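Residue strings, one per chain:
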Amino acid sequence: MTTDRPSSLLSCRSVSKYYGAMAAVKTISFDVRVGEIVGIGGPNGAGKTSLFDVIAGLQPADEGAIFFNGEDVTSASPQELCHRGLARVFQSVVAFDSMTLRENVVIGAAYGHRLRFVPPLMLDRDTLERADRALDTVGLLDRANVPIASLPVLDRKLAMFASALATEPLMLLLDEPVGGLNPAEADRVMAVVRSLAEGGLTILLIEHVMRFMVQLCRRIIIMQHGEKIYEGSSEGMVRDPTVVSVYLGSATARRLFHFLAAS
Ligand SMILES: Nc1ncnc2c1ncn2[C@@H]1O[C@H](COP(=O)(O)OP(=O)(O)O)[C@@H](O)[C@H]1O
Ligand SMILES: [Mg+2]
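Residues numbered from 1 in each chain as written. Chains lettered and ligands numbered in written order. Predicted model: local features only at pLDDT ≥ 70, side-chain atom pairs only at ≥ 80, totals over all residues.

A. Geometry of the overall build of the chain. Along its length, the chain carries ten helices and ten strands. A compact globule built from 263 residues should have a C-alpha radius of gyration of about 18 Å, and the chain, at 19 Å, falls within 12% of that. Across its three principal axes, the chain shows a C-alpha extent of roughly 55 × 40 × 40 Å. Considering the chain as a whole, with its 263 residues, one finds that 40% of them fall into the buried category. Long-range contacts, defined here as pairs at least 24 residues apart, represent 65% of the contacts in the chain between residues at least 6 apart. (Helix = DSSP H or I, 4+ residues; strand = E, 2+ residues; numbered from the N terminus. Rg over C-alpha atoms; globule rule 2.2 N^0.38 Å. Buried ≥ 20, exposed ≤ 12 C-beta atoms within 10 Å, placed from the backbone. Contact = placed C-beta atoms within 7 Å.)

B. Quick look at the site of ligand 1. In the vicinity of ligand 1, the residues found are Y19, A24, G42, N44, G45, A46, G47, K48, T49 and S50. Top contributing element to the shell around ligand 1 by residue count: helix α1 (residues 48–55), with three residues. Here the shell around ligand 1 is composed, by residue class, of three nonpolar, six polar and one charged. (Near = placed C-beta within 6 Å. Nonpolar A, V, L, I, M, F, W, Y, C, P; charged D, E, K, R; others polar.)

C. Region of interest: the domain arrangement of the chain. Examined at the domain level, the chain breaks down into domain 1 (1–85 + 169–263) and domain 2 (92–168). Taking the mean C-alpha position of each, domain 1 and domain 2 sit 24 Å from one another. In this complex, domain 1 contributes eight residues to the contact, which on the side of domain 2 involves ten residues. Those elements giving two or more residues to the side of domain 1 that touches domain 2 turn out to be α2 (78–84) and α6 (183–198). By residue number, the principal contributor to the side of domain 1 that touches domain 2 is α6, which donates three residues. (Domains from an automatic or database assignment.)

D. Structural view of the sheet that holds strand β1 (residues 8–19). Strand order in the open sheet formed by four strands is β2-β1-β4-β5, and the pairing between neighbours is antiparallel. Lying at the two open borders of the sheet, with one neighbouring strand each, are β2 (22–33) and β5 (71–72). Pairing between β1 and strand β4 (residues 63–68): five bridges, direction antiparallel. For S11, the partnering residue across the bridge sits in β4 and is F67. Those strands touched by α1 are β1, β2 and β4, and its axis lies near 65° from that of β2. (Pairing = 2+ DSSP bridges. Axes fitted to C-alpha atoms, helices over the stretch in contact; angles between N-to-C directions.)

E. The arrangement of helix α4 (residues 125–137) in detail. Relative to the 18 Å expected for 13 residues at 1.5 Å per residue, α4 spans 18 Å between its end C-alpha atoms, a close match to the ideal helical length. The complete set of buried residues in α4 reads R130, A131, A134 and L135. The buried residues of α4 occupy one face: seen down the axis, they fall within an arc of 135°. The exposed set on the far side of α4, more than 90 degrees from its buried face, consists of R125, D126 and E129. If you follow the buried residues of α4, they end up packed against α3 (101–111) and α5 (153–165). With its phi angle positive at about 80°, G139 sits one or two positions after the end of α4. (Expected span 1.5 Å × (residues − 1). Arc of directions from axis to C-beta.)

F. Quick peek at the nonpolar core. Judged by nonpolar contacts, the single largest core of 75 residues is most densely connected at V105, A159, A162, L172, L173, I203 and L204. Split by domain, this core shows at least three residues from each of two domains, domain 1 (1–85 + 169–263) and domain 2 (92–168). Excluding its chain neighbours within four sequence positions, the residues that come into contact with V105 are A131, A134, L135, A159, A162, S163 and A166. (Core = buried A, V, L, I, M, F, W, Y, C linked by C-beta atoms within 7 Å.)

G. Looking closely at the pairing of strand β3 (residues 37–41). Across the five residues of β3, five count as buried, placing the element largely inside the fold. Burial along β3 is two-sided: the residues I37, G39 and G41 and V38 and I40 are all buried. Direction of pairing for β3 relative to strand β8 (residues 202–206): parallel, over a ladder of four bridges. Bridge pairing in β8 links I40 to I206. Both β3 and strand β9 (residues 219–224) contribute to a ladder of four bridges, which runs parallel. The residue of β9 that forms the bridge with I40 is I221.

This is the structure in structure tokens:
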């Protein structure tokens with residue numbers, strides 16, 4: 001049987017989110033097509049994480065509509081969205097520290113996979129296999145039985161990727177996946193993200209590290225004061241006068257321009 005999947009997996013239509021009188025997200029519209037990897041950048045406080053909160057159902061949208069995989073999910077809960085195939089990796093590393101790496105990922109595999117009326121009481125083989133496949137994908141299967149608290153920050157970050165992947169998502173939301181990592185660690189995360197994208201996973205990521213962003217994303221959205229001020233290619237972004245003046249600065253824009261020309 002063939003399923004009719006829309007080419008636009010995520011669609012935001014004039015989405016706004018207010019905190020009091022302040023619009024953290026202001027009439028944002030954009031689409032992410034199946035198999036795309038799209039980046040969101042912008043200064044601190046621009047509303048990037050708030051936009052993720054609204055997309056992932058953690059905060060209700062005050063205006064506009066959100067469609068995921070052809071369904072109107074504007075009022076859907078985070079759990080419902082996760083079961084529909086939208087998985088999110090948060091900016092900060094949060095784990096069940098008293099448990100092993102595998103036990104942490106099994107939780108994602110058991111509770112984030114498909115809609116269930118009753119939470120699973122017993123772990124079936126499929127759940128355990130999904131957890132191990134996800135650990136293998138991020139290169140951590142050999143450390144599955146280690147207490148997660150004993151792992152370095154990079155591995156804990158990748159463990160969060162694995163928990164999200166164990167839900168077998170259609171789309172992954174990544175909030176600053178390389179924030180706080182050194183260049184070598186960032187390259188390891190980049191290799192994982194690139195292999196996920198090559199495997200066909202659709203990815204929307206927020207990132208400040210522009211070297212990472214421009215290498216991974218064909219299309220970039222830049223936000224400022226809750227609004228979208230740019231959407232287009234990396235090459236277009238480094239030449240955009242507004243993006244250069246409010247976000248990149250001329251030195252970074254020049255450096256990225258040469259980096260893109262050389263790659
Ligand atoms: N839960 C919240 N309650 C009130 N204000 C918030 C909340 N979350 C974010 N904000 C405010 O919304 C604005 C956008 O924040 P955020 O989305 O975290 O930006 P970014 O991720 O781009 O740095 C900021 O001014 C921030 O203080
Ligand atoms: Mg943020």
